[in-house]
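Fold and geometry: a report
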Amino acid sequence: MRESLVVMKFGGTSVEDAKAMQRTAGIVAGRRERGLSAVVVVSAMAKVTDQLLAAADAAGRGDKAGALALASRLRTRHIDTAAVLVTDEGVRAALQTVLHSEFDALDDLLRGIAAVGELTPRTNDLVVSFGERMSSRMMAEALTQRGLNGTHVDARTCIITDSHYGKAAPLENAIEAKLTELVLPLIEAGKTPIMGGFIGSNADGITTTLGRGGSDYTAALVGGGLYAGAIEIWTDVNGIMTTDPRICPDALRVKTISFEEAAELAYFGAKVLHPATILPAVQKSIPVWVLNSRNAENEGTKITAMAAKCSSPFKSIAAKKKLTIIDVVASRMLMSHGYLKAVFDVFDKYECAIDMVSTSEVSISLTVDSNQRLPEICAELGKIADVKYEGRKALVCLVGEDIRGHNGIAGQVFTAVSHVNVRMISQGASEINMSFMIDEDDVEEAVRSLHAVFFANPDATVFDVAARVPVAGA
Ligand code: ADP
Ligand code: ASP
Ligand code: MG
């Protein structure tokens with residue numbers, strides 16, 4: 001383990017403009033002043049990925065003018081940010097030249113896509129990669145300006161993946177070898193390597209991406225590959241909270257949480273961490289911190305191997321929207337073994353992940369992410385059973401290692417949401433989550449009701465009770 005090495009990942013809001021980039025450089029400087037070495041991973045500037053996707057989509061529909069107009073707005077934003085960010089005239093001009101040539105390449109690409117009128121997953125990844133490519137170039141200058149010797153590394157030279165465009169799987173041995181060859185010498189020379197998250201390349205050097213929110217995953221892969229002492233995920237909230245603070249403004253920071261709990265939360269929709277982030281860190285027992293780049297003094301959340309003892313049954317509540325429930329009804333399910341397999345094979349064929357399953361003698365209900373291939377999946381299932389599906393569903397998931405130690409929890413949960421129509425219920429085999437399916441429109445209300453019940457008297461050793469916003473009039 002390299003105890004004095006920290007991998008610091010900054011999300012889109014932490015690099016959203018010149019001021020945010022300077023603040024971020026200051027946070028990295030703080031770590032260096034403590035005698036640590038740092039590798040920095042950055043997301044694209046806030047909202048850039050969405051805009052690149054929109055440009056790619058427009059080009060794919062043959063709307064060349066629309067695609068180029070979006071790219072032109074992005075060009076202006078990046079060039080203007082560079083102008084404010086870099087004080088040295090020569091350095092600023094050089095950076096802007098690099099950015100212009102990247103944007104010229106993006107324009108060419110969009111024109112090509114529009115001419116063909118077809119957007120493939122491979123080309124989509126190439127378009128969307130520009131966001132991280134540019135933000136990392138800019139942050140390298142911000143770090144150098146701060147005296148940290150920022151050295152840009154093209155993430156695509158290190159993050160080697162398979163060819164599953166849009167959601168590529170990293171090849172960890174190859175990544176470790178590349179990091180050792182290309183990044184380690186920079187650290188040893190006292191530099192601060194900086195790369196874009198989210199992007200990688202396959203063995204043939206073709207650009208791939210790790211899926212939305214994938215910069216967290218890059219940070220964990222880099223931390224794992226370099227045997228870092230810590231991985232820090234810097235975002236726009238104080239840490240992992242008892243629920244999404246956008247739903248419950250009185251959500252509390254969770255001071256420590258286990259890898260297992262954090263993974264469950266991420267999988268069930270807590271956007272604060274990409275679901276795959278935890279694994280590379282777990283494999284090497286590297287602690288992960290979630291921290292606030294707008295409030296760097298706050299302690300954040302520490303994710304560790306063991307869960308702290310906690311008198312509250314749950315640590316946090318997550319919600320995942322845009323799900324579809326599928327009911328598959330066969331006449332005599334028990335009679336034919338292999339029936340479940342036949343059903344699951346259909347989902348497998350279309351690479352459609354299933355979140356929750358419940359069965360009875362004649363029916364299976366499953367929930368899946370709303371998937372463009374749902375009509376095909378249901379048509380195929382229709383050959384072996386009656387199939388109905390309904391969209392706009394959501395899964396609410398309560399996570400905590402101490403569920404096991406508490407009796408009567410299910411009663412309390414369903415009393416809290418008794419005014420909501422609950423479709424499916426599951427208590428995970430891991431015994432650290434309880435989840436249920438409801439209509440999307442009921443999510444906010446259900447989460448607030450649960451939060452009010454389960455975090456009324458939070459355990460001060462695990463939750464940041466001192467920060468609780470006093471309720472008006474109380
Ligand atoms: P970044 O761009 O830094 O990766 P994200 O937008 O991906 O940031 O994730 C941070 C957001 O995750 C927060 O602003 C918050 O609204 C949301 N979020 C959802 N659930 C939680 C939770 N349990 N704790 C903290 N934040 C959460
Ligand atoms: N920029 C990418 C996204 O918006 C990856 C990330 O930010 O983690 O999904
Ligand atoms: Mg994120």
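Residues numbered from 1 in each chain as written. Chains lettered and ligands numbered in written order. Predicted model: local features only at pLDDT ≥ 70, side-chain atom pairs only at ≥ 80, totals over all residues. Heavy atoms only, no water.

1. Considering the overall build of the protein chain
Counting its secondary structure elements, the protein chain contains 13 helices and 16 strands. A compact globule built from 474 residues should have a C-alpha radius of gyration of about 23 Å, and the protein chain, at 24 Å, falls within 12% of that. Taking the principal axes of the C-alpha coordinates as reference, the protein chain spans close to 75 × 55 × 45 Å. By residue count, 52% of the 474 residues in the protein chain fall in the buried class. When contacts within the protein chain are restricted to residue pairs at least 6 apart in sequence, those whose partners lie at least 24 apart make up 76%. Counting only carbon and sulfur atoms, one obtains 52% of the accessible surface of the protein chain, whose full area is about 20400 Å². (Helix = DSSP H or I, 4+ residues; strand = E, 2+ residues; numbered from the N terminus. Rg over C-alpha atoms; globule rule 2.2 N^0.38 Å. Buried < 20%, exposed > 50% of the residue type's maximum accessible area, 1.4 Å probe, protein only. Contact = heavy atoms within 4.5 Å. Areas by Shrake-Rupley, 256 points an atom, 1.4 Å probe, with all protein chains shown as cover.)

2. Examining the packing of aromatic side chains
Per the stated rule, a full pass over the model turns up five aromatic pairs. Centre to centre, the rings of Phe 314 and Phe 454 are 4.9 Å apart; their planes meet at 85 degrees, and the pair counts as edge-to-face. Of this pair, Phe 314 sits in the loop between strand E10 (301-304) and strand E11 (316-329) while Phe 454 sits in helix H13 (residues 443-454); the two residues are 140 residues apart in sequence, bridging distant segments of the chain. Neither Phe 314 nor Phe 454 differs from the other in exposure class; each is buried. (Phe/Tyr/Trp six-rings, centres within 6.5 Å; stacked < 30°, edge-to-face > 60°.)

3. Thoughts on the packing of helix H4 (residues 89-116) against helix H5 (residues 121-145)
At their nearest, the axes of H4 and H5 sit 11 Å apart, and the two run at 175 degrees to each other. Our classification of the angle between H4 and H5 gives roughly antiparallel. Contacts between H4 and H5 pair Val 91, Leu 95, Val 98, Leu 99, Glu 102, Phe 103, Ala 105, Leu 106, Leu 109, Leu 110 and Ile 113 from the former with Thr 123, Leu 126, Val 127, Phe 130, Arg 133, Met 134, Arg 137, Met 138 and Glu 141 from the latter. Residues belonging to the contact of H4 with H5 are distributed by class as follows: 15 nonpolar, one polar and four charged. (Axes fitted to C-alpha atoms, helices over the stretch in contact; angles between N-to-C directions. Parallel < 35°, antiparallel > 145°, perpendicular 65-115°, else oblique. Nonpolar A, V, L, I, M, F, W, Y, C, P; charged D, E, K, R; others polar.)

4. Considering unusual backbone geometry
In the Ramachandran plot, Glu 351 falls in the positive-phi region, its phi being about 50 degrees despite a non-glycine side chain. Looking at Glu 351, the relative accessible area reads 59%, which means it is exposed.

5. Remarks on a nonpolar patch on the surface
Together, Leu 340, Phe 344 and Val 357 line one region of the surface with nonpolar side chains, adding up to about 210 Å² of accessible area. Phe 344 gets classed as partly exposed once you look at its relative accessible area, which sits at 31%. (Patch = residues over 30% accessible without salt bridge, like charges linked within 9 Å, V, L, I, M, F, W, Y side chains within 5 Å. Salt bridge = Lys/Arg side-chain N within 4 Å of Asp/Glu carboxyl O.)

6. Brief notes about the site of ligand 2
Residues in close proximity to ligand 2 include Ser 43, Thr 49, Glu 132, Phe 198, Arg 212, Gly 213, Gly 214 and Ser 215, which together make up its full environment. Between ligand 2 and Thr 49 there is a distance of 2.7 Å, counted from a nitrogen atom to a side-chain nitrogen or oxygen. The separation between an oxygen atom of ligand 2 and a polar main-chain atom of Gly 213 is 2.8 Å. Starting from 270 Å² of accessible surface for ligand 2 in isolation, the protein chains cover 85%. For the shell around ligand 2, a count of residues per class yields one nonpolar, five polar and two charged. (Near = heavy atom within 4 Å. Polar contact = N/O pair within 3.5 Å; in protein donor to acceptor, adjacent residues only side chain to side chain.)

7. Considerations on the pairing of strand E4 (residues 192-196)
Extensive coverage of E4 is indicated by the burial of five of its five residues. The side-chain alternation of E4 yields two buried faces, one formed by Thr 192, Ile 194 and Gly 196 and the other by Pro 193 and Met 195. Of the pairings in the sheet, the one linking strand E2 (residues 37-42) to E4 comprises three bridges and is parallel in character. Across the sheet, Val 42 pairs through a bridge with Gly 196, a residue of E4. Taken together, strand E3 (residues 150-152), helix H6 (residues 172-188) and E4 form a β-α-β motif whose crossover is right-handed. (Pairing = 2+ DSSP bridges. Right-handed = clockwise from strand over helix to strand, strands pointing away.)

8. Regarding the environment of Thr 81
Note that Thr 81 resides in helix H3 (residues 64-85). Here Thr 81 falls in the buried class, since its relative accessible area comes to 8%. Taking the C-alpha atoms as reference points, Thr 81 and Met 356, 275 residues apart in sequence, are found 45 Å from one another.

9. Some details on the sheet that holds E10
Ordered by their spatial adjacency, eight strands build an open sheet running E3-E4-E2-E1-E7-E9-E10-E8, and the pairing between neighbours is mixed. Each edge of the sheet is formed by a strand with only one pairing partner; in this case those strands are E3 and strand E8 (256-258). The mean inter-strand angle of the sheet, taken between neighbouring strand axes irrespective of direction, is 25 degrees. With three bridges joining them, strand E9 (residues 288-292) and E10 adopt antiparallel strand pairing. Each bridged residue has a counterpart across the sheet, and for Val 290 the counterpart in E10 is Thr 301. Contacts from H5 reach E2, E3 and E4, with the element oriented near 160 degrees to E4.

10. Quick word on the site of ligand 1
In the vicinity of ligand 1, 18 residues are found, and the nearest of them are Thr 235, Asp 236, Met 241, Asp 244 and Arg 246. Contact distances for ligand 1 include 2.8 Å between an oxygen atom and a side-chain N or O atom of Asp 236. Within the side chain of Arg 246, an N or O atom sits 2.9 Å from an oxygen atom of ligand 1. Coverage of ligand 1 by the protein chains reaches 90% of its 570 Å² of free accessible surface. For the shell around ligand 1, the per-class residue count stands at seven nonpolar, six polar and five charged.

11. With respect to the nonpolar core
Among the nonpolar cores identified, the biggest contains 130 residues, and Leu 110, Ile 303 and Leu 450 are the most heavily contacted of them. Ranked by residues supplied to this core, first place goes to H5 with nine residues. Contacts of Ile 303, omitting those with residues within four sequence positions, involve Ile 240, Ile 257, Ser 258, Phe 259, Ala 262, Leu 273, Ile 278, Pro 287, Val 288 and Val 290. Formed by 17 residues, the second largest nonpolar core is a distinct cluster that contains Ile 326, Leu 366, Leu 374 and Ala 385. (Core = buried A, V, L, I, M, F, W, Y, C linked by side-chain atoms within 4.5 Å.)

12. Re the pattern of salt bridges
Enumeration over the complete set of coordinates arrives at 25 salt bridges. Arg 133 is the partner of Glu 102 in a salt bridge, and the nearest nitrogen-oxygen pair spans 3.0 Å. Linking Glu 102 in helix H4 with Arg 133 in helix H5, this pair joins segments that are 31 residues apart in sequence. For the pair shown, Glu 102 and Arg 133 are each scored as buried. Where salt bridges share partners, they join Asp 327, Glu 390, Lys 393, Arg 423 and Asp 439 into one cluster.

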